[in-house]
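In case you want the letters, here they are:
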Amino acid sequence: MKRSAIIAAAALGALVAAGCGSSSSTTGGGSASGTTKACVASIGLEAPITGPVAPLGQEQLHFAQLAMITDNLANKTRITLVQGDTQLNPAMATTVTQQFTSNNKIVAVVGPAGSQEVEAVGPLMDRAGLAFISGSATNASLTTGKYPTFFRSVSKDSVQGPQDANYIVNTLHPKALMIVDDQEAYSTGLVSAMVPIFSAAGIKVDHESVSQKTTDFSSLVAKVTPDTTVVVLPWQVAANAQQFGKDLAQEHKKAVIFGTDGLFSPGTFTISGSYVSSFGPDITAIPADSAIAAAAKAKYGTFGTFGPPVYAATHVVDEAIASVCKSGQTPSRANVLAAIKNTNEVTSILGQPIKFDSHGDVVNGKFFLFKIDSSGKYVLVPA
Amino acid sequence: MAFFFQELVNGLTTGALYALVALGFTMVYGVLKLLNFAHGDLYMIGSYVGFFVIQWFGGPNKLTIAVPLLLVIMFVLAALLVGGLGVAMERFAYRPLRDAPRIAPLITAIGVSFFLENSALLLFGAQYRVYNTSEFISLSSGIQIGSVTIDSVQILVLVLAALLTVGLRLLVNRTTLGKQMRAVAADREAAEMLGINVNFTIAATFFIGGALAGVAGVMGGLLFNQVTPTIGFIAGLKAFTAAVVGGIGSIPGAVLGGLLLGVAESFITGYISSTYTNLLVFLLLIAVMLVRPSGLLGRAQLQKV
């Protein structure tokens, strides 16, 4: 009797010990991977998915989705993307932002695309403590400290403007040029950065201004004199620049168009001989990006330079969320914002490191210059 | 001097477009005393019709028919479809409010404008649709006089606008329908008592006005290449301005107003700066209104007391 009781007790004890061992291995397993529960969060994406620059917005959306899928697999996270269509319109961007800020599941935002949109939504994001990273808003005034939760994965117009202006002065040597703004913050900011450099070089500058809704440029084109060999268009609507180029040809004007990053649209702006600067490189020429480029091309077709910076921005947010989860915390707006501020990627899809300064700018950011050949292809030229 | 003539050509071309849209605007006002704020959106629909006709026949790079035939189909189809849309607008949105206070059809017109714009947005999307005119009408075709260039599309717009204006004048002054339109414009009730079918006359007015706007829309697409759901707003605003400057209700006034507006825009852009174009053009509108409140060719309305 005594012997049976001991065996039963031992068996019971063994069963209890086995049960305790199982529990600790789950926990242990959990501890070993860094997450005791799934890392779940939502990111908002503000992009001009429809509207006048829909091709660019679609590209941004695709690359954001690609980054999210890739990072979820790599980090074993469950991050979801919530889309918000802004049509590059500040009023619509404000509506989308209000929706995002009132959605507590959204811990950070990628976008918006346009500088004028950032100006509209910056205060809302700040009030909500929501970090937002733009892959294309380049106006220099955005990072003067007025939007503490704003970051960008690209360089700014105070780099683009002088870089482009110096190229025009030193390489194209115009005696006279026309520069036309489109009455938006992005455009007027670039004009302010470029005109002093042209004037200091002794170039005669005709500064004009048209609304983004303008479609008739014939009268403006008629003002292009034989001395005017360059027309600078710091615009955001590539279709308008294409029409301007056609009007130049129709009125037999020889001036070359020099566009800024807003015109980078290989399917839409194809005027041969034109120049276009861009905040993003051609990632198909970066060996380390071959897998991403191939995946993007296979899934979404051809792309330009608006997608990769949004991929970079989304990746920054994904990594911030993953690092928060790894530290045992639940992602929130506050801890994700803090993690983004500490971003220090040695390399990125853009072929350069990503680290933010105290105002949200990428440290050591730069721009790239392309020239359009006779087949409409954008060819990288030394800046 | 060449610069002056180039800007004149550019201004007259744009002005001709404004005039065609203004004609429909002023005709409807003349007959119904209604400011049809949805009229600019008829221009937008006309532009889309032209775009889809090009796509139907293979697209700008691979047309399956000759260009002259394509243009005829574009203009005729735009005129018929948009004219029909104008009739539908009148029948369902304005006729029930014919005897309502003046504010009611005005508000309805704004509502119809939003309806058309957003319907186009829903059906066609917000992305730019491009005619790519230069793919099927060569940029180098046209006339060159010294350094002044008048391309084929500009010639087409000017000639067609002139023909349509003359045709409209003949219709209004020499035909029975035109007489009926003038009678209804003068006194609708009296016209009805005289046995004129007022509903038919008003519907015909909307058809003609819509047709003109549709044709102007195709011209706009050929000239400016781009079509979006929002182009109607600017076109409508310019047409309204042209009609008012010329004298609302006056057909010659609408033409004069449109041409003046186009030329003013062109010369201000050319000789002053594009920055001030809209500012100075609308200052001009205010100035004309202050000096001649009924417009350049309008007549002061007599009110019996």
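Quick caveat: nothing in here was measured; it's all calculated off a predicted structure.

Reading guide: rules and limits
Residues numbered from 1 in each chain as written. Chains lettered and ligands numbered in written order. Predicted model: local features only at pLDDT ≥ 70, side-chain atom pairs only at ≥ 80, totals over all residues. Pairing = 2+ DSSP bridges. Helix = DSSP H or I, 4+ residues; strand = E, 2+ residues; numbered from the N terminus. Axes fitted to C-alpha atoms, helices over the stretch in contact; angles between N-to-C directions. Expected span 1.5 Å × (residues − 1). Buried ≥ 20, exposed ≤ 12 C-beta atoms within 10 Å, placed from the backbone. Parallel < 35°, antiparallel > 145°, perpendicular 65-115°, else oblique. Contact = placed C-beta atoms within 7 Å. Nonpolar A, V, L, I, M, F, W, Y, C, P; charged D, E, K, R; others polar. Core = buried A, V, L, I, M, F, W, Y, C linked by C-beta atoms within 7 Å. Domains from an automatic or database assignment. pLDDT = per-residue confidence, 0-100.

1. Observations concerning the sheet that holds strand β4 (residues 131-134) of chain A
Residue and element names in this part refer to chain A. Taken in spatial order, the 5 strands make up an open sheet running β2-β1-β3-β4-β5, and their pairing is parallel. The sheet is open, and its two edges are formed by β2 (77-85) and β5 (150-152), each paired on a single side. Taken pair by pair, the neighbouring strands of this sheet meet at an average axis angle of 25°, ignoring direction. Relative to strand β3 (residues 106-110), strand β1 (residues 39-47) is paired through 4 bridges, and the arrangement is parallel. Note on β3: the bridge partner recorded for Ile 43 is Ala 108.

2. Overview of unusual backbone geometry
Residues and elements named next belong to chain A. Omega for the bond connecting Gly 111 with Pro 112 falls within 30 degrees of zero, at -5°, which places this linkage in the cis form. Tracing the sequence through the fold places Pro 112 in the loop between β3 and α4 (115-128). With phi around 55°, Lys 76 is a residue other than glycine that occupies positive phi space. You can see Lys 76 is positioned in the loop between α2 (54-75) and β2. The phi dihedral of His 173 is positive, around 45°, even though this residue is not glycine. By the element assignment, His 173 lies in the loop between α5 (157-172) and β6 (176-181).

3. Side note on helix α10 (residues 251-271) of chain B
The end-to-end C-alpha distance of α10(B) is 30 Å, a good match for the 30 Å that 21 residues give at a rise of 1.5 Å each. Counting buried residues along α10(B), 17 of its 21 residues qualify, which places the element largely inside the surrounding structure.

4. Considerations on the packing of helix α6 (residues 176-186) of chain B against helix α8 (residues 198-224) of chain B
Residue and element names in this part refer to chain B. Where α6 meets α8, the axes come as close as 10 Å, and the angle between the chain directions of the two elements is 105°. Taken together, the axis directions place α6 and α8 in an arrangement best described as roughly perpendicular. For the pair α6 and α8, the contacting residues are Leu 177, Gln 180, Met 181 and Val 184 in the first and Val 198, Thr 201, Ile 202, Ala 204 and Thr 205 in the second. Its residues placed into classes, the contact of α6 with α8 shows 6 nonpolar, 3 polar and no charged.

5. Considerations on the nonpolar core
Side chains of nonpolar character tend, in soluble globular proteins, to be buried together. Ranked by internal contacts, the top residues of the largest apolar core, which has 116 residues, are A:Ala108, A:Val317 and A:Ile321. Counting residues per element, this core draws most heavily on helix α10 (residues 307-326) of chain A, at 11 residues. Split by domain, this core shows at least three residues from each of two domains, domain 1 (39-155 + 284-365) and domain 2 (158-278) of chain A. When residues no more than four places from it in sequence are discounted, the contact partners of A:Val317 are A:Ile43, A:Ala108, A:Val110, A:Ile133 and A:Ile340. If you look at the next biggest cluster of nonpolar residues, it comprises 84 residues, including B:Tyr29, B:Tyr131, B:Ile202 and B:Ala239.

6. Concerning the confidence of the model for chain B
If pLDDT is low for a region, its predicted coordinates should not be looked at in detail. Here chain B shows a mean pLDDT of 89. Residues at 70 or above account for 98%. Per the prediction output, this complex has pTM 0.73; the corresponding ipTM is 0.72.

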